[in-house]
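# Commentary on secondary and tertiary structure
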Amino acid sequence: MRAYARGELIDADRRWDVDETSMAEVLPTLEQMGLLSLSIPESAGGLDCDMKTYAALLHEVSYASPSVAVTLSVHSMVTSILSKQAAAHRRGAWLGAMGRADNLCAFAISEADAGSDPSGIGTAAERTGDGFRINGEKMWITNGLSARWFLTLARLRDGGPEGELCMMLVDGRSRGIERTKIRGKMGIRGSETAVIALHEVEIPGDHLVGGVGEGGRVSAITLNEGRVGIASQATGIAEACLDQMIEYAKVRRQFGQPIGRFQAVANMIADSAVELAASKALIASAADKIDAGKADLPSSSMAKLYATEAANRIAYRAVQVHGGMGYVRECRVEQLYRDARVTTIYEGTSEIQRYVIAKGLRQ
Ligand SMILES: Cc1cc2nc3c(=O)[nH]c(=O)nc-3n(C[C@H](O)[C@H](O)[C@H](O)COP(=O)(O)OP(=O)(O)OC[C@H]3O[C@@H](n4cnc5c(N)ncnc54)[C@H](O)[C@@H]3O)c2cc1C
């Protein structure tokens, strides 16, 4: 995994960043390596990775390509929740296919007017004879251009006026789906981000994941694992920054000596190493709880909050240690600095993670 990531994947990721093209070209390789099957049970042909191993793998991928890391993180959190919450008679066939490149998954909650507060979504589901029909528009959807499957949050309006939140698996090959690429992202430019318009999309009744009214609960479980994934994406970026800092501090000379000999520069490296180690420890703690079947939301939020904020500080220092060289595209830390930025925003902003942690402490 490391040999692949630190070999050809780094170069490909640099190219996607410059051209703003999709990482989809490596999906067949990811399939071959089993990386699309990490969170698929062995009974469905997957690798059934425990969270700790999964986090370590995402870290390695992200060291080379934060764009591929988030692609895998989103795909895996969807396959994981389906293995627990999808209709039993559908699971085998769905999960059996989802290890393949042409069955990539996406998670579609956010909308233009509903980000931190998903209860504000406008995507509406109505009942048909034996299923549902949905209309709405999802925004910011990772994997949105290549995904076959969209785990989608909608509001079912057949009860009271408020309706009930429901999670549904939408087949991207259904009629009425329109995908539009979001261009001009600051970072993770190889990762696909799209607006997904849903016009009168028909969904079979057994594509409901969890029950009617359980959309919020299913989202929370999905994001709990997802946040460990994003934290691992952040540590991968942070470690790449740290390694670049160490190397540069050895070879760059000023005032007749390597800049690493100056205490101010050494301190930036030392602080980064400590924060990276602390991030990994928080991830391990959250992953252990999930593996032990004792997942709790604050632990994953702590890992996500700390690791993503730390990755941004470490990327900032990496640019600083490189001086003017850190400010130009030719130097990889310039890209890593931009790639790190989104990690404190998606799958719950840092402010939302703090809210989840504090709420957990009140209970
Ligand atoms: C590249 C990218 C990929 C994404 N991928 C996906 C995806 O695959 N699927 C998906 O569903 N979504 C995805 N998102 C959306 C992402 O999850 C949201 O952008 C995020 O949850 C924040 O929502 P928002 O952008 O609407 O910001 P807002 O919710 O409008 O927040 C704006 C600011 O207000 C703060 N704020 C809001 N509410 C509170 C509060 N209660 N307390 C304190 N501060 C608050 C926020 O922290 C933030 O600083 C992606 C976003 C990006 C940029």
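Model, not experiment: these values are computed from the prediction.

Each helix and strand counted, the protein chain has 10 helices and 10 strands in total. Its C-alpha atoms give the protein chain a radius of gyration of 21 Å, near enough to 21 Å, the size a compact globule of 363 residues would have. Over its C-alpha atoms, taken along the principal directions, the protein chain stretches across nearly 80 × 45 × 40 Å. In the protein chain, which comprises 363 residues, the proportion classed as buried is 50%. Taking the contacts inside the protein chain whose residues are at least 6 apart along the sequence as the reference set, 75% of them involve residues at least 24 apart.

Once that is clear, we can look at the site of the ligand. Inspection of the region around the ligand gives 21 residues, with Ser-110, Gly-115, Ser-116, Thr-142 and Thr-349 positioned closest. If you list the elements that add at least two residues to the shell around the ligand, you get β1 (105-108), β3 (131-142) and α10 (350-362). Across the shell around the ligand, the residue classes tally to 11 nonpolar, 7 polar and 3 charged. Two domains each put at least three residues into the shell around the ligand: domain 2 (105-212) and domain 3 (216-362).

All right, on to the domain arrangement of the protein chain then. Each assigned domain of the protein chain is listed here: domain 1 (2-102), domain 2 (105-212) and domain 3 (216-362). Taking only C-alpha atoms into account, the centre of domain 2 sits 30 Å from that of domain 3. Counting residues at the interface gives 12 residues for domain 2, matched by 11 residues for domain 3. Grouping the constituent residues of the side of domain 2 that touches domain 3 by class yields 9 nonpolar, 3 polar and no charged.

In this section: the pairing of strand β7 (residues 193-204). Bridging between β3 and β7 involves 9 bridges; their strand directions are antiparallel. Pairing of Ile-134 across the sheet is with Val-201, part of β7. Strand direction decides the pairing type here: strand β6 (residues 177-181) and β7, joined by 5 bridges, are antiparallel. Within β7, the position partnered with Ile-177 by the bridge is Leu-198.

Before going further, it helps to spend a moment on the pairing of strand β5 (residues 164-171). The element β5 is extensively covered by neighbouring structure, given that 6 of its 8 residues are classed as buried. Taken together, the 2 bridges between β5 and strand β8 (residues 208-209) define a ladder with antiparallel strand orientation. Each bridged residue has a counterpart across the sheet, and for Met-167 the counterpart in β8 is Val-209.

Membership of the largest hydrophobic core comes to 105 residues, with the highest contact counts inside it found for Leu-151, Met-168, Val-209, Cys-241, Ala-315 and Ala-318. Not counting residues within four places of it along the chain, the set of residues in contact with Met-168 comprises Ala-125, Phe-132, Thr-152, Ala-154, Ile-203, His-207, Leu-208 and Val-209.

When glycine is set aside, most residues are seen to have a negative phi, and most peptide bonds are trans. In this structure, Phe-255 is a non-glycine residue whose phi angle is positive, near 50 degrees. You will see that Glu-347, though not glycine, has its phi angle at about 55 degrees, which is positive. Among the structural elements, Glu-347 can be located in the loop between α9 (332-341) and α10. On the basis of neighbour counts, which here come to 29 C-beta atoms within 10 Å, the residue Glu-347 falls in the buried class.

Quick look at helix α7 (residues 263-291) now. With 29 residues, α7 extends 41 Å from end C-alpha to end C-alpha; this agrees with the ideal 42 Å at 1.5 Å per step. Residues of α7 that are buried include every one of Val-265, Met-268, Ser-272, Glu-275, Leu-276, Ser-279, Lys-280, Leu-282, Ile-283, Ala-286, Ala-287 and Ile-290, and no others. Buried-residue contacts for α7 involve α3 (51-64), α6 (215-251) and α8 (297-322). Of the residues flanking the end of α7, it is Gly-293, one or two places downstream, whose phi is positive at about 75 degrees.

Running from N to C, helix α4 (residues 66-85) and α6 cross one another at 155 degrees; their axes reach a closest spacing of 9 Å. With respect to α6, the element α4 is oriented roughly antiparallel. Considering only the axes of α4 and α6, their crossing is right-handed. On α6, the residues that touch Pro-66, Ala-69, Val-70, Ser-73, Ser-76, Met-77, Ser-80, Ile-81 and Gln-85 of α4 are Val-218, Ile-221, Thr-222, Glu-225, Gly-226, Gly-229, Ile-230, Gln-233, Gly-236 and Ile-237. Grouping the amino acids of the contact of α4 with α6 by side-chain chemistry returns 9 nonpolar, 9 polar and 1 charged.

Thresholds, definitions, all that
- Residues numbered from 1 in each chain as written.
- Predicted model: local features only at pLDDT ≥ 70, side-chain atom pairs only at ≥ 80, totals over all residues.
- Helix = DSSP H or I, 4+ residues; strand = E, 2+ residues; numbered from the N terminus.
- Rg over C-alpha atoms; globule rule 2.2 N^0.38 Å.
- Buried ≥ 20, exposed ≤ 12 C-beta atoms within 10 Å, placed from the backbone.
- Contact = placed C-beta atoms within 7 Å.
- Near = placed C-beta within 6 Å.
- Nonpolar A, V, L, I, M, F, W, Y, C, P; charged D, E, K, R; others polar.
- Domains from an automatic or database assignment.
- Pairing = 2+ DSSP bridges.
- Core = buried A, V, L, I, M, F, W, Y, C linked by C-beta atoms within 7 Å.
- Expected span 1.5 Å × (residues − 1).
- Axes fitted to C-alpha atoms, helices over the stretch in contact; angles between N-to-C directions.
- Parallel < 35°, antiparallel > 145°, perpendicular 65-115°, else oblique.
- Left-handed = near helix turned anticlockwise from the far one by under 90°.

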